[in-house]
Each structure stands twice: as C-alpha cells, then as structure tokens.
Amino acid sequence: MDKKLIQVVFRKIQEQVPGIDYAIINTDDYGDCNTCVNDALSRKFGIDSKGIYLKHWTRGMNREKPLEYQDSAWIAHDLTDEQGKMVLAILKENFAMENDSYDPAKSFVIHMKPAS
C-alpha cells in the first residue's frame, strides 16, 4: 500500500465530505485496538463526531507489518449514509475496492489499483 496516497485521499475526504470531523491515518496515537481508538476519538472529537480511520497499528497488541508491505488496508468509519456514499466514491477514484456499496456495518477495504 502507498501510505502517501492514503494520506492524500484522507485529506481529500476530510476537505470534501461535509461534516467529517476526522480522517486518521496514524491510529497508534489513539490506542492499539478498535475499542481504544473509538473511545479516544469520541473523547477528542465528541460523541456524535463523524469520520474514518485506518485500521493499522505499528505497535501494541494489533501491530502489523508496515503499510508498504501490505496488500490491502482496512478503514473503519462512523458516518451517516450520505457521508458513507461520498467517502466510498472518493476511495473508488483512487483504490480498488472490495466494497460495492456503502454498508455502515462493514469496514472499507482498499487495494492499490493495478498499474496500467
């Protein structure tokens, strides 16, 4: 995975999708599991905050190999349906997706598009 591309796309999502409070790439700053990250995000941005975060940790109990050695990446989200559709559309512009449509109960799964 290309971390710089993910950073650019997350920035674009935060700028273009109304009501997005966060688009976090470095989850290590918020905890080492989804529960810890969600708790920290709600304390920092508010209980009703909306956004996305990359489910990738470089330390702690869920530590993974570096992104550049990953074939895919998972993105957790807390979005409205409208925001979810917009985020999915932006992700599809830049990545191959396992998600055909927005589902609030499923993480987004991205892959690098094949070189053409």
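Everything here concerns the structure above.
Below or above, wherever it landed, is the structure these notes cover.

### A short note on the nonpolar core
And step 1. Formed by 24 residues in total, the largest nonpolar core has its most connected members in Ile6, Val87, Leu91, Phe108 and Ile110.
And step 2. Among the secondary structure elements, those contributing two or more residues to this core are α1 (3–16), β2 (51–54), β3 (73–78), α3 (81–94) and β5 (108–111).
And step 3. Residues contacting leucine 91, with those up to four places away along its chain left out, are Val9, Ile13, Ile75, Met97, Phe108 and Ile110.
And step 4. Core analysis: the second largest hydrophobic core is formed by nine residues, Ile24, Val37, Ala40 and Tyr53 among them.

### Side note on the pairing of β5
The two faces of the sheet receive side chains in turn, since in a regular strand these alternate between them.
And step 1. Bridging between β3 and β5 involves three bridges; their strand directions are antiparallel. What sits directly across from isoleucine 75, in β5, is phenylalanine 108.
And step 2. Pairing of strand β4 (residues 96–97) with β5, which is carried by two bridges, proceeds in the antiparallel orientation. In the strand pairing of β5, methionine 97 is matched with isoleucine 110.

### A look at α3
And step 1. Spanning 14 residues, α3 covers 20 Å between terminal C-alpha atoms, matching the ideal 20 Å at 1.5 Å per step.
And step 2. Taken together, the buried residues of α3 touch α1, β2, β3, β4 and β5.

### Let's talk about the pattern of salt bridges
Oppositely charged side chains can form a pair if their charged atoms are brought close together.
And step 1. On inspection of all chains with the given rule, the structure shows three salt bridges.
And step 2. Lysine 12 serves as the salt-bridge partner of glutamate 93, at 2.8 Å between the closest nitrogen and oxygen. Taken as a pair, glutamate 93 in helix α3 and lysine 12 in helix α1 lie far apart in primary sequence, 81 residues in all.
And step 3. Residue classification places glutamate 93 among the partly exposed positions, given a relative accessible area of 48%.
And step 4. Judged by its relative accessible area of 25%, lysine 12 is partly exposed.

### Regarding the packing of aromatic side chains
And step 1. Inspection of every chain in the model, using the stated rule, returns two aromatic pairs.
And step 2. Summarising the aromatic geometry, the rings of tyrosine 22 and phenylalanine 45 are spaced 5.2 Å apart at their centres and angled 35° between planes, so their arrangement reads as tilted. Residue tyrosine 22 is found in strand β1 (residues 22–24), and its partner phenylalanine 45 is found in helix α2 (residues 34–45); the two are separated by 23 residues along the sequence.
And step 3. Geometrically, the ring pair formed by tyrosine 102 and phenylalanine 108 is tilted, given 6.0 Å between the ring centres and 40° between the ring planes. Exposure class is identical for tyrosine 102 and phenylalanine 108. Each is buried.

### Comments concerning α1
And step 1. Spanning 14 residues, α1 covers 20 Å between terminal C-alpha atoms, matching the ideal 20 Å at 1.5 Å per step.
And step 2. Of the positions making up α1, those classed as buried are Ile6, Val9, Phe10 and Ile13. Projected onto a plane normal to the axis of α1, the buried residues spread over an arc of 100° and lie on a single side. Turned more than 90 degrees from where α1 packs its buried face, Lys4 and Glu15 sit exposed.
And step 3. For α1, the N-terminal cap is aspartate 2; the gap from its side-chain oxygen to the backbone nitrogen of lysine 4 is 3.0 Å.

Reading the values: the criteria
Residues numbered from 1 in each chain as written. Predicted model: local features only at pLDDT ≥ 70, side-chain atom pairs only at ≥ 80, totals over all residues. Heavy atoms only, no water. Core = buried A, V, L, I, M, F, W, Y, C linked by side-chain atoms within 4.5 Å. Buried < 20%, exposed > 50% of the residue type's maximum accessible area, 1.4 Å probe, protein only. Helix = DSSP H or I, 4+ residues; strand = E, 2+ residues; numbered from the N terminus. Contact = heavy atoms within 4.5 Å. Pairing = 2+ DSSP bridges. Expected span 1.5 Å × (residues − 1). Salt bridge = Lys/Arg side-chain N within 4 Å of Asp/Glu carboxyl O. Phe/Tyr/Trp six-rings, centres within 6.5 Å; stacked < 30°, edge-to-face > 60°. Arc of directions from axis to C-beta. Polar contact = N/O pair within 3.5 Å; in protein donor to acceptor, adjacent residues only side chain to side chain.

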